[in-house]
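Structure at a glance
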Amino acid sequence: MRLMYFAYYKLLKNWRMKTFAASTLQMLGARAIVLRLDITNACNLKCKMCYLSGAKRTKTVRFSPEQIERIAEQLFPKTKLIYLSCAFEPLMSKNFELALSLVKKYKVPYSVAVTNGQLLNREKIEMICRLQLSELIVSLDSPVEKTYNSIRSTGEKIGGGKANGFNVLIKNLNNLNEYKSKNALEKPALRFNVTLMKENIEELPELINFASEMGVNVVHARHMDYFPEAVIDFGAQTLFNHAELANAKLEEARSLAKQKGMFLDAPAPIPSEFTEEVESDYKFACPYPWFQVMVRMDGTVAPCTHWTEESLGNVFEDNFEEIWKNNFGELRRNVLKGKIPGSCVSCSVNGGAKDLQKISKKMG
């Protein structure tokens, strides 16, 4: 179900059919929204490729119970798939259980939480299983202890040395699988997210093997994004400067995943050169304005995580029905007319890989 929208969307080759199908779902009042929101802006890790690794410390903000209930009342009845996290750690919010209980109350068909897994203790495992979270996505960039700990730093000290986040994660994943097995549970399904870089690309095939051993059927691998605040050496680590190695390891991992009956969602081979022209069918292809809503910590909404334009409304101040009909409606009409927002320039749907390639060349 999680991949349903994209699967059907790709099957429809004509852009008019794509938009007609999405619009029909809306007119019929069907659950058709993919909802993404963070319920806190806190994270317990400082991963070196993340903008949080070098960003100035900001005040922790969490949705209040009242705010979560308002979001649920307005959006959950229209939501087909909900992500209870986008960029931060959901298990750091004391209201995560409330949010998940409301997902169950409003019978949202598919629920997902993205986590680094460090806080996945037995109490939280019991909670997410009891409330029937559909899928738990764990960010795991390497099955090798040294590499994992190098990338995903806890920023804490234990016994005079750095905390071993890798060992904590493996223990937590084993506890989750043990609890599911003991109670004959299929949910939550387990999936791994991998941020690809020079430091871990050679370990990607090994990660496929590890994922298979852990009962993971889906691995999603993506290129590292460029964040000026991140402490990582982007030029040295981006795979756009190591195309031959990256393509070889990606192909090896794809072949291995196929052998094991797993689904590896990974980037296409990196071209040896990118043209200066941005070739894109974005204006006739991007599906987000038709079915996706992102709610930020201040209640403002956008169609995706790339959005840097003026917000399309605020669910704490405005009626979502009006936001969806009027503000999102105007965006849809503009997209179909070829009026592309500035935010879309760096989006992967609109040639964002080319932008990363240009940055890589400058920093390589």
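Heads up: these notes are all about the structure in this document. Model, not experiment: these values are computed from the prediction. Throughout, a residue's number is its position along its own chain's written sequence, starting from 1. This being a predicted model, a pLDDT of at least 70 is required before a residue's local features are given, and a value of 80 or more before pairs of side-chain atoms are given or counted; all residues contribute to the totals for chains, interfaces and linings. Hydrogen atoms and water are omitted, and side-chain values are computed over all heavy atoms in the structure.

**Observations concerning the overall build of the chain**
What counts is decided by this rule: Numbered from the N terminus, helices here are DSSP runs of H or I no shorter than four residues, and strands are runs of E no shorter than two. Each residue's exposure class comes from its accessible area (1.4 Å probe, protein chains only) as a fraction of the maximum for that residue type: buried when under 20%, exposed when over 50%, partly exposed otherwise. Here a residue-residue contact requires only that any non-hydrogen atoms of the pair lie within 4.5 Å. Per-residue and other accessible areas follow the Shrake-Rupley method at a 1.4 Å probe size, with only the shown protein chains counted as cover for residues.
When you go through the chain residue by residue, the secondary structure sums to 14 helices and 13 strands. In the chain, which comprises 364 residues, the proportion classed as buried is 49%. Counting only contacts in the chain whose residues sit at least 6 apart along the sequence, the fraction spanning at least 24 positions is 74%. By element, 51% of the accessible surface of the chain is carried by carbon and sulfur atoms, the whole surface being about 18200 Å².

**Quick look at the pairing of strand S4 (residues 110-115)**
On any regular strand, side chains alternate: one points to one face of the sheet, the next to the other face. So the rule is basically this: Here a strand pair is declared whenever DSSP counts at least two bridges between the two strands. The path from the first strand over the helix to the second decides the hand: if it runs clockwise while the strands point away from the viewer, the crossover is right-handed.
The buried fraction of S4 amounts to six of the six residues, a majority that puts the element mostly inside the structure. A two-sided burial pattern is seen for S4, the buried positions comprising Tyr110, Val112 and Val114 on one face and Ser111, Ala113 and Thr115 on the other. Alignment of strand S3 (residues 79-83) against S4, held across three bridges, turns out to be parallel. If you follow Tyr83 over to S4, its bridge partner there is Val112. Crossover handedness for the path S3 to helix H4 (residues 96-105) to S4: right-handed. Across four bridges, S4 lies against strand S5 (residues 135-139) in parallel orientation. What sits directly across from Val112, in S5, is Glu135. In this fold, the crossover linking S4 to S5 by way of helix H5 (residues 122-130) has right-handed handedness.

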